[in-house]
Amino acid sequence: MSIEVMTLLFFGSLLFFLLLGLPLAFVLGGVSVVFLYFTWGFDSFYMVVSQIWGTMESFTLVAIPLFVFMAMILERTGVARDLYRMMYLWFGGLRGGLAIGTLGICAVFAAMVGISGAAVVAMGAIALPSMLSRGYDKQMALGVINTGGGWGVLIPPSILMILYALITGVSVGKMFAAGVMPGIMLMVLTTLYIVVRCALQPDLAPALPKEDRASWPEKFRALRSVLLPISVVGMVLGSIMGGLTTPTEAAAMGVLGALISAAVYGEFKWSVLNEAAIRTLKLTGLTMWILFSAHAFSSAYQSMGAQALIESIMAMIPGGAWGTIIAMMVIIFFLGMVLDPVGIMMITLPVFIPIITALGFDPIWFGILFVINMEIGYKTPPFGFNLFYLKGVVPPSVTMNDIYKSIIPFVLVEIVGIILIMIFPEIATWLPELLF
Amino acid sequence: MSVVSAFMKGVTRLNEYVGRCIALIVFPMFVFLILEVALRYFFNSPSVWTNELTQLLFGVYAVMSGGYIMAHRGHVNVDLLHSTLKLRAQGFVDIFTSILFFIFMLALVWFSFDMASESFESRETSFSAWNPPIWPAKGAIFVASVLMLLQGIVRLLEDIAIAFNLSYYDPTERKSHSEEGEA
Amino acid sequence: EKTYTWKVQSHWPGSSSSYQDSLGRLKDVIEERSEGRIKLQLFEAGAMFKATETFNAVSRGILEMGTISPGYAQDKMTLAGIASGLPFAFRNVWEAAYFHQNMGFEQMLRDEAAKSGVYWATDKVYPTEMVTSKPINSWEDFTGLKIRSSGALQKFLTEAGASASYIPGSELYTALDSGIVDGAHWGAAQGAASMGLYDVAKYHVQPALNIAGTDVIIVSQKALDKLPEDLQQVVKQALDEQFWIRTNQYLYKERIALAKAVADQGVEVNVMPDDVQQKLAQTAQGMWDEEAKRSDEAKKALSLLKQFLGELGYL
Ligand SMILES: NC(=[NH2+])NCCC[C@H](N)C(=O)O
Ligand code: NA
Ligand code: NA
């Protein structure tokens, strides 16, 4: 059977069983096993278990339970609630103020972690209830978290950039440097979108009524509540930048900070910690089981010859350097809808990079386009880690449909971002050239 | 039928208990990472075991969470179509899709046993500088798969009861249960 | 005529020079000499199996071929510790090559791997050298270092008095950059350059920590047996000559990579002082005997090695 037909059947059955409501982890795992059987035989199921073991051994993932635990403690002890109260007092008068504040927190979180899962889960647990309880539109709130949570892979440190550097041979440091400005740009663009959209449709993110707005003394008193979160952030970021810890170990510093905050709030109690630990297991476990199966799924797809498919598609693209780049972006976008980023990198980069360098493009610049596109893939339906992680934290009243719909405008904003970086490559290349 | 309900309750309780124990692993993971930072930074003597032990604990933690999450129906699915169906129709659809679940689980149980027993027979260690045994961590994949398989059977029994209006399971239980464990 | 398609899982990422130079070469040679009857389908590191799982997959016959480091097969290969390189044993690459091919060590490895249904062929022997952000000009300099290491070398460096810790490859650059560690080894010059380590660590330390057959090509015996006799010979001969071609070529590229790092990135070659070298060698020799305890073969290999090094006047 040709790889084209296989691809259709493979992703067709993924969609079919997803729509029938079987949990994602089992769909990915089951489809992998069935296809492995027909392409490679019974013994190849070993690959599925082997991928699980490989994922269990991945050190960067250790950060997930710790960052989630940190967030759960901050949430359970009321630290997070007070932070949002403060934001509301200060920015409540601004339409969409909480959404923009959430984006800011996401950006800070992104500077602490190199993966997207921890941030989405943490912000979903903390920010979503705060926004919903203040009358924010469901989809606005979901979209903000989906998009901001994904910045973890765009703003350094970033595990996707490290992988990109490993596969393509560019410098990790240059990739990190190149990600800073585009990250800031996306933050500005997304903020602009929120401001404009909320100006046009005030009910999406209601401003605090004039008579409810806090007085200045009240505002300043509320400011005390940011001290703890800021010192947690300071501990994490400071320990990374000061050469005290690796990014993964920094997650443990985050927990330490959260525990100290809990003590300050008088909430350092076994009941609180135990409950936080149990929620952490649920949230980490569901992300990890999706990862286990997703890794099995993309290695199964690769073993079927996915790379050959990309090669033959690229051979059909008519000439023209920009035509090629755009075609690549479109391919990655579509793959991003159905496959995990690591799998996409393994399948496409070996084909793309020689072409990119032959055309005379800067692989660092291309890497940034690639990573932003991956970040979009994290939240495009039907398969996107951020979508599923978010679904794991939201209350039952939020359906997958709400989450799917919420991302549309935010994806468009990011596509605008990609186009801007294509037109003005300096956005990505300026900083690395300055530093190296 | 009481045997069936007893089995269902027993498995669910087992997974609940295992989950509550596994959840505590986050504490030692935190402690070991902090300890390593302290040893390296303040005493200039990094240890050979903290990071690796944390890693092994993490693996066990992640894989063993599966059954507990299933017991709470916490594995994420796409409810787009599913939620529009009547309860009995959902039951039938779930019975059908469970085929794929069981294929996955049987493959996991079979090959994780294979991997774990191979590892156990040679008392496999990691051959790092610390060189701990790693067969217990590989064994955890097998244990976790079995726990998930059992919970999957419970789920299938629930779905059958819903689809065919059988009395050994009361679907209203599910509602209250899944709301109480909101995560 | 029947064609055979082999899936080959690499432990090198595609950007690593060895991916093209070793696997790319092997693919070309085998496909050409078999007149297209054997096809190699190459997969980059981690695509289907993680490096630590590749030996198992080849042993089970799920994969026909793969590349590993001996360290990834420690569990099945009691000789792996010696094959991955005892610290401060060989002083020149040719010595390691001679030991493998002329003193029978390669055959010993092959025999042991055969017990797991694997045909073992060392891809090349080469040095593992450190890069550091501070020079080593005294024993105190050395013991003051925090070094990223792994496996047996981590034990060795710790034993010798430095602070060696394991940090995964993906966090290595950041760790060196922010000063969590002051040194690391990732292959030698080419490896360091490929990870961008010279951006953040300007001293290339010599002599080598070890010289060894760190890259290995493994073939499933099942897959080999399925080939007709003539094709089996094509594969085996291609592997035999691969060792010499790659060992030599790798040395050449090492030299170039180091020269480039010195010229373009201001890297300095830091030869450790004699007394430091001597102390390191002493510590190393004290640890060698550990490896002999793993099996009779390992014991035999170690005494062969000691005899060889004795002849060279190193012991
Ligand atoms: N040629 C290479 N790039 N080799 C990489 C060797 C990596 C090995 N883990 C080390 O610690 O040194
Ligand atoms: Na980040
Ligand atoms: Na997607």
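Since the structure is predicted, the reported quantities are computational estimates derived from the model, not experimental observations. (Residues numbered from 1 in each chain as written. Chains lettered and ligands numbered in written order. Predicted model: local features only at pLDDT ≥ 70, side-chain atom pairs only at ≥ 80, totals over all residues. Heavy atoms only, no water.)

*Asks:* Tell me about the overall build of chain C, residues and numbers included.
*Replies:* Helices and strands together make up the secondary structure of chain C, namely 13 helices and 11 strands. The C-alpha atoms of chain C give a radius of gyration of 20 Å, which matches the 20 Å a tight globule of 315 residues would have. The dimensions of chain C, computed from C-alpha atoms along their principal axes, are 65 × 40 × 30 Å. A fraction of 75% describes how many contacts in chain C between residues 6 or more apart in sequence connect residues 24 or more apart. Total accessible area computed for chain C in this model is approximately 11700 Å², and 48% of it derives from carbon and sulfur atoms. Distance from the positive charge centre (32 side chains) to the negative charge centre (40 side chains) of chain C: 4 Å. (Helix = DSSP H or I, 4+ residues; strand = E, 2+ residues; numbered from the N terminus. Rg over C-alpha atoms; globule rule 2.2 N^0.38 Å. Contact = heavy atoms within 4.5 Å. Areas by Shrake-Rupley, 256 points an atom, 1.4 Å probe, with all protein chains shown as cover. Lys, Arg positive; Asp, Glu negative; His and termini not counted. Charge placed at Lys NZ, Arg CZ, Asp CG, Glu CD.)

*Asks:* Before we move on, can you summarise the overall build of chain B with the specific residues and values?
*Replies:* Helix and strand counts for chain B stand at six helices and zero strands. In sequence order, the secondary structure elements of chain B are arranged as α-α-α-α-α-α. A compact globule built from 183 residues would reach a C-alpha radius of gyration of about 16 Å, whereas chain B, at 20 Å, exceeds it by more than 25%. In terms of overall dimensions, chain B has C-alpha extents of about 65 × 35 × 30 Å along its principal axes. The proportion of buried residues among the 183 residues of chain B is 56%. Counting only contacts in chain B whose residues sit at least 6 apart along the sequence, the fraction spanning at least 24 positions is 70%. Total accessible area on chain B is roughly 8000 Å²; 69% of this is exposed by carbon and sulfur atoms. Computed over 12 positive and 16 negative side-chain charges, the inter-centroid distance for chain B is 6 Å. (Buried < 20%, exposed > 50% of the residue type's maximum accessible area, 1.4 Å probe, protein only.)

*Asks:* Explain a nonpolar patch on the surface residue by residue, including any values.
*Replies:* Residues and elements named next belong to chain A. Together, Met 181, Ile 184, Val 188, Leu 192, Trp 430, Leu 434, Leu 435 and Phe 436 give the surface a local cluster of nonpolar side chains, amounting to about 790 Å² of exposed area. Within the residue set of the nonpolar patch, elements represented by two or more residues are helix 10 (172–200) and helix 21 (426–435). At four residues, helix 10 tops the list of elements feeding residues into the nonpolar patch. Mapped onto the elements of the fold, Leu 434 is located in helix 21. Among the residues examined, Leu 434 registers a relative accessible area of 56% and is labelled exposed. (Patch = residues over 30% accessible without salt bridge, like charges linked within 9 Å, V, L, I, M, F, W, Y side chains within 5 Å. Salt bridge = Lys/Arg side-chain N within 4 Å of Asp/Glu carboxyl O.)

*Asks:* Can you lay out the interface of chain A and chain B for me, pointing to particular residues and giving the numbers?
*Replies:* Tallying the contact residues gives 74 residues for chain A and 65 residues for chain B. Between chain A and chain B lies a buried interface of about 6200 Å² when both sides are counted; carbon and sulfur atoms form 79% of it. Counting every contact that joins chain A to chain B gives two salt bridges. Residue Arg 40 of chain B is joined to Glu 249 of chain A by a salt bridge in which the shortest nitrogen-to-oxygen separation is 2.8 Å. Those elements that provide at least two residues to the side of chain A that touches chain B are helix 1 (3–19), helix 2 (24–40), helix 3 (46–56), helix 4 (63–76), helix 12 (247–264), helix 13 (270–303), helix 18 (385–393) and helix 19 (400–406) of chain A. Of all the elements, helix 13 of chain A adds the most residues to the side of chain A that touches chain B, at 17 residues. Taken together, the residues of the side of chain A that touches chain B sort by class into 49 nonpolar, 18 polar and seven charged. (Buried area = accessible area lost by both parts, 1.4 Å probe. Nonpolar A, V, L, I, M, F, W, Y, C, P; charged D, E, K, R; others polar.)

*Asks:* Tell me about the interface of chain B and chain C, and name the residues and values.
*Replies:* Contacts between the two partners involve 17 residues from chain B, matched on the other side by 17 residues from chain C. Roughly 1400 Å² of surface becomes buried between chain B and chain C when both sides are summed, with 47% attributable to carbon and sulfur atoms. Its largest share of buried area at the contact with chain C, chain B owes to Arg 40, Phe 127 and Ala 129 of chain B, together 37% of the area lost on that side. Across the chain B-chain C interface, the total number found is four salt bridges. There are three residue pairs in polar contact (both at pLDDT 80 or more) connecting chain B and chain C. Examining the composition of the side of chain B that touches chain C, we find that four residues originate from one element, helix 4 (residues 87–121) of chain B, more than from any other. Classifying every residue of the side of chain B that touches chain C by side-chain character gives six nonpolar, five polar and six charged. (Polar contact = N/O pair within 3.5 Å; in protein donor to acceptor, adjacent residues only side chain to side chain.)

*Asks:* Account for the site of ligand 1, with residues named and values stated.
*Replies:* Residue and element names in this part refer to chain C. In the vicinity of ligand 1, the residues found are Tyr 126, Arg 148, Ser 150, His 185, Trp 186, Gly 187, Gly 191 and Tyr 250. Here Ser 150 contributes a side-chain N or O atom positioned 3.3 Å from an oxygen atom of ligand 1. His 185 places a polar side-chain atom, nitrogen or oxygen, 3.1 Å from an oxygen atom of ligand 1. When isolated, ligand 1 has an accessible area of 340 Å², and the protein chains bury 77% of it. (Near = heavy atom within 4 Å.)

*Asks:* Describe the environment of Glu 297 of chain C, naming the residues involved and giving the relevant values.
*Replies:* All names here are of chain C. By the element assignment, Glu 297 lies in helix 13 (residues 296–311). Residue classification places Glu 297 among the partly exposed residues on the basis of a relative accessible area of 30%. Along the chain, Glu 297 and Pro 87 lie 210 residues apart, while their C-alpha atoms are 19 Å from each other. Here Glu 297 is in contact with Thr 78, Leu 79, Met 108 and Lys 115, once residues within four sequence places are set aside.

*Asks:* Go over helix 10 of chain A with me, naming the residues and quoting the values.
*Replies:* Side chains of residues three or four places apart in an α-helix project in the same direction, reflecting 3.6 residues per turn. Compared with an ideal rise of 1.5 Å per residue, which puts 29 residues at 42 Å, helix 10 of chain A spans 42 Å between its outermost C-alpha atoms and is within 8% of the ideal. The N-cap residue of helix 10 of chain A is Ser 171 of chain A: its side-chain oxygen and the backbone nitrogen of Gly 173 of chain A are 3.2 Å apart. (Expected span 1.5 Å × (residues − 1).)

*Asks:* Describe in detail the packing of aromatic side chains, supporting the description with residues and values.
*Replies:* The way to describe two aromatic rings as a pair is by their centre distance and the angle between their planes. Residues and elements named next belong to chain A. Here the structure, examined in full by the defined rule, presents 51 aromatic pairs over all chains. Between Phe 10 and Phe 297, the ring centres sit 4.3 Å apart and the planes meet at 5 degrees, which makes this aromatic pair stacked. Here Phe 10, found in helix 1, pairs with Phe 297, found in helix 13; they are 287 residues apart in sequence, far enough to count as distant. Classification of Phe 10 by relative accessible area gives buried; the value is 0%. Note on Trp 322 and Phe 361: the rings are 5.4 Å apart at their centroids and 75 degrees apart in plane angle, and the pair reads as edge-to-face. You can see Trp 322 sitting in helix 15 (residues 321–338) and its partner Phe 361 sitting in the loop between helix 16 (341–358) and helix 17 (363–377), a full 39 residues away along the chain. (Phe/Tyr/Trp six-rings, centres within 6.5 Å; stacked < 30°, edge-to-face > 60°.)

*Asks:* With reference to specific residues and values, describe the UniProt feature "transmembrane region" (unreviewed entry) in chain B.
*Replies:* Residue and element names in this part refer to chain B. The UniProt feature table records "transmembrane region" (unreviewed entry) at residues 21–43, 55–71, 92–113 and 133–157. Secondary structure content for residues 21–43 is 87% helix and 0% strand, and the end C-alpha separation is 33 Å. Helix makes up 100% of residues 55–71 and strand 0%, with an end-to-end C-alpha separation of 26 Å. (UniProt positions renumbered as here; feature names shortened; annotations may be inferred.)

*Asks:* So what about the pattern of salt bridges? Which residues, and what values?
*Replies:* Applying the stated criterion to the full structure yields 35 salt bridges over all chains. Close ionic contact of Arg 33 of chain C with Glu 241 of chain C constitutes a salt bridge, the shortest N to O distance being 2.8 Å. Of the two residues, Arg 33 of chain C sits in helix 1 (residues 17–33) while Glu 241 of chain C sits in helix 11 (residues 229–265), which places them 208 residues apart along the sequence. With its nearest N and O atoms 3.6 Å apart, the salt bridge here joins Lys 115 of chain C to Glu 297 of chain C. Pair noted here: Lys 115 of chain C is in the loop between helix 5 (105–114) and strand 4 (118–128) and Glu 297 of chain C is in helix 13, with a separation of 182 residues, a long-range link. Connected through shared salt-bridge partners, Asp 114 and Glu 118 of chain B together with Arg 60, Asp 75 and Lys 76 of chain C make up one network.

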